[in-house]
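Topology and contacts: notes
The lines below spell out each chain.
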Amino acid sequence: FCGIRCQSSSLVWRNTSSMIPTHMKTIQNWFKSECDLVEKSSIRNSNPLHAAFLSSVPEVLGTMSAFYKTKPLTSAFVTCAIKASAADVVAQTAETSLSSEGMDPEQVGISKRRNLAFFMYGGIYQGLAQEVIFNQIFPALFGEGSAISVLNKVLFNSMVVGPFLTL
C-alpha cells in the first residue's frame, strides 16, 4: 500500500502516492527515506530485522487505513474505546500510586467496572455518536467547504451540542 515491498531480499520503492491519504504521506516519506538508507547502506545485510520491519510496517498501515475508510463506525468505536480505557488505566494508576500509602493492599488496583464504563462511554459516545454527529449530521445541516459552514458548525457545537448533549 505505502509503496514498500520486499523483492528478492531487497527493499524496492514503488510510486503509489495517489493511493495514499494525505495524512499518510508524511509517514510514507519517512519510510521511503528509511528504505533508501537500508538500500544504500550495510544495514540491510547486518540487520535483517530492520529490513523486515521496514517492509512489513507499510502493509500494516495500509490495512489500517483501509479499515478506517471502509468501516468508519467500527473504527471510531474501537479507537475511542481503547483510548478512553487506556486513559482511565493511566489515571487509576496515578491515583493508586498517590494514595496507596497506608491502604489495604486489596484496595489498591485498577477498577475493572470503572474501566469498562470508560471503555463503553468512549466507544459509544466519543466514537459512534461523534462520528455520526460531525461527519454525517453536520455536513447535511451546514454544508461543507466554506468558511460560513465551518463557522456554523463551530457555533452549533459550542452552543447546542456541547451544553445539551456532551455535558
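The rules behind these values
- Residues numbered from 1 in each chain as written.
- Predicted model: local features only at pLDDT ≥ 70, side-chain atom pairs only at ≥ 80, totals over all residues.
- Heavy atoms only, no water.
- Helix = DSSP H or I, 4+ residues; strand = E, 2+ residues; numbered from the N terminus.
- Buried < 20%, exposed > 50% of the residue type's maximum accessible area, 1.4 Å probe, protein only.
- Contact = heavy atoms within 4.5 Å.
- Salt bridge = Lys/Arg side-chain N within 4 Å of Asp/Glu carboxyl O.
- Patch = residues over 30% accessible without salt bridge, like charges linked within 9 Å, V, L, I, M, F, W, Y side chains within 5 Å.
- Areas by Shrake-Rupley, 256 points an atom, 1.4 Å probe, with all protein chains shown as cover.
- pLDDT = per-residue confidence, 0-100.
- Axes fitted to C-alpha atoms, helices over the stretch in contact; angles between N-to-C directions.
- Parallel < 35°, antiparallel > 145°, perpendicular 65-115°, else oblique.
- Nonpolar A, V, L, I, M, F, W, Y, C, P; charged D, E, K, R; others polar.
- Phe/Tyr/Trp six-rings, centres within 6.5 Å; stacked < 30°, edge-to-face > 60°.

Right, let's talk about the overall build of the protein for a bit. Regarding its fold elements, the protein presents six helices and two strands. The order of helices and strands in the protein, counted from the N terminus, is β-β-α-α-α-α-α-α. Within the protein, the fraction of its 167 residues that count as buried is 26%. A sequence separation of at least 24 residues applies to 51% of the contacts in the protein between residues at least 6 apart.

With the rule as written, the count across this model stands at two salt bridges. Put simply, Asp-88 and Arg-114 hold a salt bridge, and the shortest N to O gap is 2.7 Å. Of the two residues, Asp-88 is situated in helix 4 (residues 72–99) and Arg-114 in helix 5 (residues 112–142); the sequence distance between them amounts to 26 residues. Owing to a relative accessible area of 1%, Asp-88 belongs among the buried residues under this scheme. Note on Arg-114: relative accessible area 29%, which makes it partly exposed.

Nonpolar side chains collect at one region of the surface, where Ile-148, Leu-151, Leu-155, Met-159, Val-160 and Phe-164 lie side by side and expose about 630 Å² of accessible area between them. Among the structural elements, Ile-148 can be located in helix 6 (residues 147–166). Its relative accessible area of 57% is what places Ile-148 among the exposed residues.

Looking now at the confidence of the model for the protein. Across the protein, the average pLDDT comes to 79, with 66% of residues at or above 70. Confidence, read as mean pLDDT per element, is least for strand 1 (residues 4–7) in the protein (38) and greatest for helix 5 (96). This stretch, residues 1–19, has a pLDDT under 50; its non-local contacts, to residues over four places away or in other chains, come to 52 contacts.

A few words on the packing of helix 3 (residues 48–70) against helix 4. Where helix 3 meets helix 4, the closest approach of the two axes is 5 Å, and the angle between their N-to-C directions is 115°. Between helix 3 and helix 4, the angle is such that the two are roughly perpendicular. Contact residues: helix 3 offers Phe-67, Tyr-68, Lys-69 and Thr-70, while helix 4 offers Pro-72, Thr-74, Ser-75 and Thr-79. Across the contact of helix 3 with helix 4, the residue classes tally to three nonpolar, four polar and one charged.

This paragraph deals with the packing of aromatic side chains. Centre distance and the angle of the planes are the two values used to describe a pair of aromatic rings. Summed over the entire model, instances satisfying the criterion amount to seven aromatic pairs. Both rings, one in Phe-67 and one in Tyr-68, keep their centres 5.7 Å apart while their planes meet at 75°; by these two values the pair is edge-to-face. The exposure class assigned to Phe-67 is partly exposed, which follows from its relative accessible area of 29%. An angle of 75° between the planes, with centres 5.1 Å apart, marks the rings of Phe-134 and Phe-138 as edge-to-face. Taken together, the positions of Phe-134 and Phe-138, both in helix 5 and four residues apart, correspond to about one turn of that helix. The class for Phe-138 is buried, based on a relative accessible area of 2%.

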